[in-house]
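Breakdown of the fold
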Amino acid sequence: MPVVKVPHASLYWKLDGRDDAPALILLNSIGTDMGLWDAALPYLREHFALLRIDTRGHGASTAEPGDYTLQLLAEDVLAAADAAGLSHFSLAGVSLGGMIGMELALNSPDRLHKLALICTSATMDPASWNDRIAKVRTEGMAAIADLAMGRFLSEAFLAGNPAVYETVRRNFISMDAEAYAGCGAAIRDMDLSNRISRIACPTLVVTGSRDSSTPYEGHGDYLVAQIPGASHCLLGAAHLAPLEAPAALAGLLVSFLEG
Ligand SMILES: O=C(O)CC1=CCC(=O)O1
């Protein structure tokens, strides 16, 4: 199992697809792991060398407790890219993964070709994240599972895919609460809104018509307005778009990244 050790964490990464194709890094949301992208992989693997990374404390990656920052999480991505031998890449990130992508685009623009921001934002209500962090640290993951699942996936998806829904929920509840809190702190403390106008790479913003967490209004629209030249596509999906609309999302990514 390929793992890279960084200070206070150990990061699991995995390469798929064609090693002679352009590199694309796929990042997950808080509370999910690289499996979030499984359903989209068949549509992407012919086009890219795909690097997936479990965010610290998620999936098979471990981490010591603490309040993490987007800068730290972006450095984790660079460490995994270095370990995988990828000097330059594009990046597609869902939610927290998109926030990490924006931070990386600002701090290490020389590494990044193109950026796809999926169901994400430059700012989320710090007070509500503070409450969530406190709850998860005192009561554990189960205490916030209904809240998170209600934001992750739509009722329609649950009705048609109960087994997938249950897997996402089970993985969510079994993850390390301290790591969730640490990544929650990175979301609470993010400082992107006044800086993203300096993102210089081509950027695609994807929003979900059923996403109650980071909808177009108030989240995607701000990214489109602030990031120079950013384009926008709306998908019929809730927050975890790679699960709800894998083929459509992959189609958007291929068109954007190969265009
Ligand atoms: O609101 C949620 O729980 C969804 C979410 C916000 C950031 C992220 O990565 O997922």
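Residues numbered from 1 in each chain as written. Predicted model: local features only at pLDDT ≥ 70, side-chain atom pairs only at ≥ 80, totals over all residues. Heavy atoms only, no water.

Going by what an unreviewed UniProt entry lists, the chain is known as 3-oxoadipate enol-lactonase and is assigned to Sphingobium xenophagum.

1. Details of the overall build of the chain
Looking only at helices and strands, the chain features 11 helices and nine strands. For the chain, whose C-alpha radius of gyration is 17 Å, the value lies close to the compact-globule estimate of 18 Å for 259 residues. For the chain, the C-alpha atoms occupy an extent of roughly 45 × 40 × 40 Å along the three principal directions. Across the 259 residues that make up the chain, the buried fraction comes to 57%. Restricting to contacts in the chain with at least 6 residues of sequence separation, those with at least 24 account for 77%. When the accessible area of the chain is evaluated, it comes to approximately 10100 Å², of which 52% is carbon and sulfur surface. On the chain, the mean spot of the 18 positive side-chain charges and the mean spot of the 29 negative ones are 1 Å from each other. (Helix = DSSP H or I, 4+ residues; strand = E, 2+ residues; numbered from the N terminus. Rg over C-alpha atoms; globule rule 2.2 N^0.38 Å. Buried < 20%, exposed > 50% of the residue type's maximum accessible area, 1.4 Å probe, protein only. Contact = heavy atoms within 4.5 Å. Areas by Shrake-Rupley, 256 points an atom, 1.4 Å probe, with all protein chains shown as cover. Lys, Arg positive; Asp, Glu negative; His and termini not counted. Charge placed at Lys NZ, Arg CZ, Asp CG, Glu CD.)

2. Topic: the packing of helix α4 (residues 126-139) against helix α5 (residues 142-152)
Two packed helices can be described by the angle between their axes and the distance between those axes. At a minimum axis separation of 8 Å, α4 and α5 run at an interaxial angle of 140°. Comparing the axis directions of α4 and α5 gives the class oblique. Residue-level contacts link R132, K135, V136 and E139 of α4 to A143, I144, L147 and R151 of α5. Here the residues of the contact of α4 with α5 sort into four nonpolar, no polar and four charged. (Axes fitted to C-alpha atoms, helices over the stretch in contact; angles between N-to-C directions. Parallel < 35°, antiparallel > 145°, perpendicular 65-115°, else oblique. Nonpolar A, V, L, I, M, F, W, Y, C, P; charged D, E, K, R; others polar.)

3. A short note on the site of the ligand
Contacts to the ligand come from S29, I30, S95, L96, M124, W129, R132, R151, F152, I187, S213 and H239. Here an oxygen atom of the ligand sits 2.7 Å away from a polar atom, N or O, in the side chain of R132. Taking H239, its side chain carries an N or O atom lying 3.2 Å from an oxygen atom of the ligand. For the ligand, whose unbound accessible area comes to 290 Å², protein coverage reaches 100%. Considered class by class, the residues forming the shell around the ligand number six nonpolar, four polar and two charged. (Near = heavy atom within 4 Å. Polar contact = N/O pair within 3.5 Å; in protein donor to acceptor, adjacent residues only side chain to side chain.)

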